[in-house]
Amino acid sequence: MKLYVFPVAPNPTRVRLFIAEKRAGGAELPIEEVMVNVREGEQNAPEHRARNPFARLPVLELDDGRYLLESLVIMEYLEELAPEPRLVGATPLERARVRQLERIAEQGVLQVVSRIVHATNSPLGLAPNPELAAHYREQLPGALGYLEGQLADGRPFVAGERPTSADCTLQAAFQFARFGKVEIDPAYEHLARWSDAYRARSEIDGVLLT
Ligand SMILES: N[C@@H](CCC(=O)N[C@@H](CS)C(=O)NCC(=O)O)C(=O)O
């Protein structure tokens, strides 16, 4: 299989973290990474639009030449292909709880951080839009406050004792915030503790650039 990615871009990064976690836990996932340089506009080239008509990353190319779009769909597909280590939970309730946290991390942090970065400091060269950035900055505390509350019991990972897809998505969002100079308020001390500890793990060596 081939995974089409670009470093630091948050959606490719959450899938790359997910694969790193799987491999660190012993899963064999033969996936080659292929760079599509979004800073050069390569996602808009006909070659990439043939993979994904929406001109986005990541894309997973299967061995039969078909493509899977959408980072969460790719993560869940890989979870089914290589169930151990479990990154979405072992029981229906565990899976629901992990997915709940993952959705909150994506919709309330990753997407909001992305909009702030693209309205202030866009790596794609989009024009700054201070009003839009202010609008999204106001939204950030909702999900961050919720996740801070979850981590306040001292758990090492977002969903508990083991890494899950929720950690992959949240750390991909935090990396994009660091890259795009969006401050995650250090008053969220449990999020800061989680982020530092998560980034220091050898399991994900080489995935994060910042
Ligand atoms: N919902 C999609 C979002 C994909 C997406 O927006 N990817 C960004 C990178 S993080 C992208 O390809 N951006 C290129 C562009 O906007 O031109 C997913 O989860 O995969």
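What you are looking at is a predicted structure, and each value in this text was computed from that prediction instead of being measured. (Residues numbered from 1 in each chain as written. Predicted model: local features only at pLDDT ≥ 70, side-chain atom pairs only at ≥ 80, totals over all residues. Heavy atoms only, no water.)

Description of the sheet that holds strand S3 (residues 59-61)
Strand order across the open sheet formed by four strands is S2-S1-S3-S4, with mixed pairing between neighbours. Two strands close off the open sheet at either side, each with one partner strand: strand S2 (32-35) and strand S4 (67-69). In this sheet, neighbouring strand axes are inclined to one another by 25 degrees on average, regardless of whether the strands run parallel or antiparallel. Sheet topology note: the strand S1 (residues 2-5)/S3 ladder contains three bridges and is antiparallel. Each residue of the ladder has a partner; that of Leu3, found in S3, is Leu60. (Pairing = 2+ DSSP bridges. Helix = DSSP H or I, 4+ residues; strand = E, 2+ residues; numbered from the N terminus. Axes fitted to C-alpha atoms, helices over the stretch in contact; angles between N-to-C directions.)

Focus on unusual backbone geometry
Following Leu57, the chain continues to Pro58 via a peptide bond in cis, the omega torsion being 0 degrees. The topology assignment puts Pro58 in the loop between helix H2 (46-49) and S3. The linkage connecting Glu84 with the following residue, Pro85, adopts the cis geometry, with an omega of -10 degrees. Here Pro85 shows up in the loop between helix H3 (71-81) and helix H4 (92-120). Phi at Val8 is positive, roughly 75 degrees, even though this residue is not glycine. Tracing the backbone through its elements, the reader meets Val8 in the loop between S1 and helix H1 (10-24). Residue Glu70 is not a glycine yet carries a positive backbone phi of 80 degrees. Considering the arrangement of structural elements, one finds Glu70 in the loop between S4 and H3.

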